[in-house]
Amino acid sequence: MNNKTNIYPSKWKSAKQGKCPRCRTGDMFNGSVLNIFNNGMKKECPHCGLRFEKEPGYFYVAMFVSYVFVVAELITACVATYILTGNDSSPWLYVVICFVVVILLAPFNGRYSRVALLYWLTPSFGFNPKYFGENIKQLDFSLSTDTESKDIEMQDIG
Ligand SMILES: [Zn+2]
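Residues numbered from 1 in each chain as written. Predicted model: local features only at pLDDT ≥ 70, side-chain atom pairs only at ≥ 80, totals over all residues.

Across its full length, the protein chain holds 5 helices and 0 strands. Starting at the N terminus, the α and β elements of the protein chain follow one another as α-α-α-α-α. Looking at the protein chain as a whole, 16% of its 158 residues are labelled buried. In the protein chain, of all internal contacts separated by at least 6 residues, the share reaching a separation of at least 24 is 55%. (Helix = DSSP H or I, 4+ residues; strand = E, 2+ residues; numbered from the N terminus. Buried ≥ 20, exposed ≤ 12 C-beta atoms within 10 Å, placed from the backbone. Contact = placed C-beta atoms within 7 Å.)

Set out below in structure tokens:
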């Protein structure tokens, strides 16, 4: 059984490729990050059926993750600009650099803030090997975790 874990892609690799956090097989996004006309997010995983937006408005949390990304990128860009140009008299160079960096990296931030949210800040979306690859064929789609928990509640009442 332990040997089997080697066949699964790592968490970082799956996150980088934008794979579903539960099955690491289905794609979370329609196109690549560079395809700015078709890089939207899918509602659910095409492979295991996981609904990515866990609850309404869940992706608002990704804005905070995106904020952290942007701050880190701007600090890096400004420090790099200072090291390369040694400019300490005019703020306009830094303002322009900040605008360019934010606009150029917007698709990256939008995508990977959601990926980081689902992979590292949503414990209920952990990797489940039974959904990986072709394993999905053995599963019964009618039993999602929600209906399972409801069934258990019903049995308790009954
Ligand atoms: Zn999936």
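Once the structure has been displayed, the description carries forward.
Contact geometry for helix 2 (residues 60-85) and helix 4 (residues 106-120): axes closest at 8 Å, N-to-C directions at 120 degrees. Relative to helix 4, the element helix 2 is oriented oblique. In this structure, the crossing between helix 2 and helix 4 has a hand that is right-handed. Residues Val-61, Ala-62, Val-65, Ser-66, Phe-69 and Val-70 of helix 2 lie in contact with helix 4, whose contacting residues are Asn-109, Gly-110, Ser-113, Arg-114, Ala-116 and Leu-117. Counted by class, the contact of helix 2 with helix 4 contains 7 nonpolar, 4 polar and 1 charged residues. (Axes fitted to C-alpha atoms, helices over the stretch in contact; angles between N-to-C directions. Parallel < 35°, antiparallel > 145°, perpendicular 65-115°, else oblique. Left-handed = near helix turned anticlockwise from the far one by under 90°. Nonpolar A, V, L, I, M, F, W, Y, C, P; charged D, E, K, R; others polar.)

Side chains of a nonpolar character, in soluble globular proteins, are inclined to be buried together. With 15 residues, the main nonpolar core has Cys-20, Cys-23, Cys-45, Cys-48 and Leu-50 as its most contacted residues. Top contributing element to this core by residue count: helix 4, with 4 residues. (Core = buried A, V, L, I, M, F, W, Y, C linked by C-beta atoms within 7 Å.)

Turning to the environment of Glu-53, a few remarks are in order. Mapped onto the elements of the fold, Glu-53 is located in the loop between helix 1 (11-17) and helix 2. Put simply, Glu-53 and Lys-43 are 10 residues apart on the chain and 7.0 Å apart in space, counted from C-alpha to C-alpha. The residues contacting Glu-53, other than those within four sequence positions of it, are Tyr-58 and Phe-59.

We now examine the packing of helix 2 against helix 3 (residues 92-104). Between helix 2 and helix 3, whose axes approach to 10 Å, the crossing angle comes to 135 degrees. The angle between the axes of helix 2 and helix 3 places the two elements in the oblique class. Here helix 2 runs over helix 3; the crossing is right-handed. When helix 2 is examined against helix 3, the residues Val-70, Glu-73, Leu-74, Ala-77, Cys-78, Thr-81 and Thr-85 are found in contact with a partner set consisting of Leu-93, Tyr-94, Ile-97, Cys-98, Val-101 and Val-102. When grouped by side-chain class, the residues that make up the contact of helix 2 with helix 3 number 10 nonpolar, 2 polar and 1 charged.

The next thing to look at is the UniProt feature "transmembrane region" (unreviewed entry) in the protein chain. In the numbering adopted here, UniProt assigns the feature "transmembrane region" (unreviewed entry) to residues 58-85 and 91-108. Secondary structure across residues 91-108 comprises 89% helix and 0% strand; the distance between its end C-alpha atoms is 26 Å. (UniProt positions renumbered as here; feature names shortened; annotations may be inferred.)

Looking now at the confidence of the model for the protein chain. Atom-level detail of predicted coordinates should not be read off regions where pLDDT is low. Scored by pLDDT, the protein chain has a mean of 85; 81% of the residues are at 70 or more. Of all helices and strands in the protein chain, the one with the weakest mean pLDDT is helix 5 (residues 145-157) (45), whereas helix 2 scores best (96). Low pLDDT (under 50) marks residues 146-158, which in the prediction has 1 contact with non-local residues, meaning those over four places away or in another chain. (pLDDT = per-residue confidence, 0-100.)

Of note in this structure, Arg-24 is not a glycine but carries a positive phi near 55 degrees. The buried category is assigned to Arg-24, around which 24 C-beta atoms lie within 10 Å.

Let us now look at helix 3. For helix 3, which comprises 13 residues, the first-to-last C-alpha distance of 18 Å matches the rise-based estimate of 18 Å (1.5 Å per residue) to within 8%. With 0 of 13 residues buried, helix 3 is to be regarded as a mostly surface element. (Expected span 1.5 Å × (residues − 1).)

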